[in-house]
Amino acid sequence: MSDFHDAARNGLSAGELEAVLRAVGAERYHNRHPYHHRMTSGDLSKGELQAWALNRYCYQAVIPRKDATILARAADPAFRAEWRKRIEDHDGDDGWSGGIARWLHLATSLGLDAEAVKSERLALPATRFAVGAYLSFCAERSLLEAVASSLTELFSPVIINERVPAMLAKYDYVTADTLSYFTRRPEQAARDSDFALAYVRKHADTPERQQQVIDALVFKCDILWAMLDALQHAYGEAGAAIPPGAFRPESVS
Ligand SMILES: O=C(O)c1cc(C(=O)O)c2c(n1)C(=O)C(=O)c1cc(C(=O)O)[nH]c1-2
C-alpha cells in the first residue's frame, strides 16, 4: 500500500499527477471494500441490500446540493455551463425525473417504502456524517479541491461493471429494471470526470496544489469507504449492531 501524503513533494508533471490520482483509486476506491465483495458474491441478505440502497439514497440526494455549492463558487461561465449538467442529471427537469428518482426506484424495487427512504430518517448515523462531510468539504475548501473530490467518478464505471452483472446473477429478486439507475451513469461519469480531470491537471500547478488534490481524492475515497464500513458494522453480524432508530430490515420491508 502506498502513502499518498507527500506524493507531490518534488512537484509532478500533469501526467504524473494523473498517475498518482489513478493509484489512489486503485488502492482506496470502495470497490475494494468487503461489503462490495459480499454484494458481488451474492452473500448479502435482502435486508443488507435494502440497507445499502436506503443509506446510499442520502449520498445521491446530497450530490446536486454539493454541485450547486460548487457552481456558486465558480466565477467562470464556461465552467458553470459544464458543471450544471450534473445537477440536471440528478434532478431532471422537475426534481423527480433524474438520477435521484431513479435511485428511489431502485430502493422501492427492493421493497422499501418511498417516503421512508426520502425522509432519510432511517439512515445510519455514520452515513449522515459522511454525506455531511462531503457537502462541507465542497463548501469550505478551495474550488480546486472541491472539483478534485469528485474524481472518484473516474472509477465508478469499474464498480458499476462489477456490481450490476453480479447482482443480476446472484439475487433472483433483482431485475434489470431494479438497476436501471446504472444504465446512464457510466456515460455521465465519463463526461464529468473527463472535465474534472482536465481542470485539475491544468489548475494544480504547484506542489502544494497538487498535494491538495491528491488529499481531496483520498478524503473522498474515505467518505465512500466509511459508508460501507458503517453498513458492514450495523448489518454484517445479523444486524447485531444496528443503531437505535436506524433501518431494521423486517420492520420496513
Ligand atoms: O455507484 C457508485 O459506486 C458511485 C460512486 C460515485 C463516486 O465514486 O463518488 C458516484 C456515483 N456512483 C453516482 O451515481 C453519482 O451520481 C456520483 C456523483 C459523484 C460526485 O462525487 O459528484 N460521485 C458519484
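Since the model is a prediction, treat every value here as computed from it, not as a measurement.

Draft legend 1. Spotlight on the packing of helix H4 (residues 77–91) against helix H10 (residues 181–203). With their axes 11 Å apart at the nearest point, H4 and H10 run at an angle of 160° to one another. On the basis of the axis angle, H4 is roughly antiparallel to H10. As for how H4 packs across H10, the hand of that crossing is left-handed. Here Phe79, Glu82, Trp83, Lys85, Arg86, Asp89 and His90 of H4 come into contact with H10, specifically with Tyr181, Arg185, Gln188, Arg191, Asp192, Ser193, Phe195, Ala196 and Tyr199.

Draft legend 2. Representation of the site of the ligand within the structure. Taken together, 21 residues sit near the ligand, with Tyr29, Tyr59, Tyr134, Tyr181 and Lys220 positioned nearest. Taking Tyr134, its side chain carries an N or O atom lying 2.6 Å from an oxygen atom of the ligand. Taking Arg185, its side chain carries an N or O atom lying 3.2 Å from an oxygen atom of the ligand. Protein chains shield 100% of the accessible area of the ligand, which is 470 Å² for the free molecule.

Draft legend 3. Representation of the UniProt feature "domain: Thiaminase-2/PQQC" (unreviewed entry) in the protein chain within the structure. Within this numbering scheme, the UniProt entry marks residues 22–229 as carrying the feature "domain: Thiaminase-2/PQQC" (unreviewed entry). Strand forms 0% of residues 22–229 and helix 76%; the C-alpha atoms that close the span are 22 Å apart.

Draft legend 4. Representation of unusual backbone geometry within the structure. One non-glycine residue with positive phi stands out, namely Glu120, at about 60°. Residue placement: Glu120 occurs in the loop between helix H6 (114–119) and helix H7 (125–140). Glu120 sits in the partly exposed class, given a relative accessible area of 25%.

Draft legend 5. Seen up close, the environment of Arg38. Position of Arg38 relative to the elements: it lies in helix H2 (residues 34–40). Arg38 sits in the buried class, given a relative accessible area of 16%. Counting along the chain gives 186 residues from Arg38 to Leu224, while the straight-line C-alpha distance between them is 16 Å. Filtering out sequence-adjacent residues up to four positions away, Arg38 remains in contact with Asp43, Leu44, Glu48, Tyr171, Gln232 and Gly236.

Draft legend 6. Looking closely at the side chain of Glu18. Mapped onto the elements of the fold, Glu18 is located in helix H1 (residues 14–28). In contact with Glu18, not counting residues within four places along its chain, are Leu197 and Arg201.

Draft legend 7. Here's a closer look at the packing of aromatic side chains. All told, the structure shown has 13 aromatic pairs when counted by the stated rule. Both rings, one in Tyr181 and one in Phe182, keep their centres 5.3 Å apart while their planes meet at 85°; by these two values the pair is edge-to-face. Phe182 carries the same exposure label as Tyr181, and that label is buried. Each member of the aromatic cluster is reached from another via a ring pair, and the members are Trp52, Trp103, Tyr181 and Phe182. The side chain of Lys46 reaches across the aromatic face of Tyr173, ending 4.8 Å from its centre. For Arg86, the ring lying beneath its charged end belongs to Trp83, and the centroid distance is 3.8 Å.

Draft legend 8. The arrangement of helix H3 (residues 46–73) in detail. With 28 residues, H3 should reach 40 Å at 1.5 Å per residue; the first-to-last C-alpha distance of 41 Å fits that figure. The sharpest bend along H3 measures roughly 30° and falls at Ile63, with the proline Pro64 sitting one to four residues further on.

Draft legend 9. Representation of the confidence of the model for the protein chain within the structure. For the protein chain, the average pLDDT comes to 96, and 98% of its residues sit at 70 or higher. Scoring the predicted complex yields pTM 0.96 and, for the interface, ipTM 0.95.

Draft legend 10. Quick peek at the pattern of salt bridges. Overall, the coordinates contain 15 salt bridges when judged by the stated rule. Between Lys118 and Glu115 there is a salt bridge whose closest N-O contact spans 3.9 Å. Separated by three residues within a single helix, Lys118 and Glu115 lie in helix H6, roughly one turn from each other. Of the residues examined, Lys118 reaches a relative accessible area of 30% and is grouped as partly exposed. Connected via shared salt-bridge partners are Glu18, Arg22 and Arg201.

The rules behind the values
- Residues numbered from 1 in each chain as written.
- Predicted model: local features only at pLDDT ≥ 70, side-chain atom pairs only at ≥ 80, totals over all residues.
- Heavy atoms only, no water.
- Axes fitted to C-alpha atoms, helices over the stretch in contact; angles between N-to-C directions.
- Helix = DSSP H or I, 4+ residues; strand = E, 2+ residues; numbered from the N terminus.
- Parallel < 35°, antiparallel > 145°, perpendicular 65-115°, else oblique.
- Left-handed = near helix turned anticlockwise from the far one by under 90°.
- Contact = heavy atoms within 4.5 Å.
- Near = heavy atom within 4 Å.
- Polar contact = N/O pair within 3.5 Å; in protein donor to acceptor, adjacent residues only side chain to side chain.
- Areas by Shrake-Rupley, 256 points an atom, 1.4 Å probe, with all protein chains shown as cover.
- UniProt positions renumbered as here; feature names shortened; annotations may be inferred.
- Buried < 20%, exposed > 50% of the residue type's maximum accessible area, 1.4 Å probe, protein only.
- Phe/Tyr/Trp six-rings, centres within 6.5 Å; stacked < 30°, edge-to-face > 60°.
- Lys NZ or Arg CZ within 6 Å of the ring centre and 35° of its normal.
- Expected span 1.5 Å × (residues − 1).
- Bend = angle between axes of the 7 residues up to and from the residue.
- pLDDT = per-residue confidence, 0-100.
- Salt bridge = Lys/Arg side-chain N within 4 Å of Asp/Glu carboxyl O.

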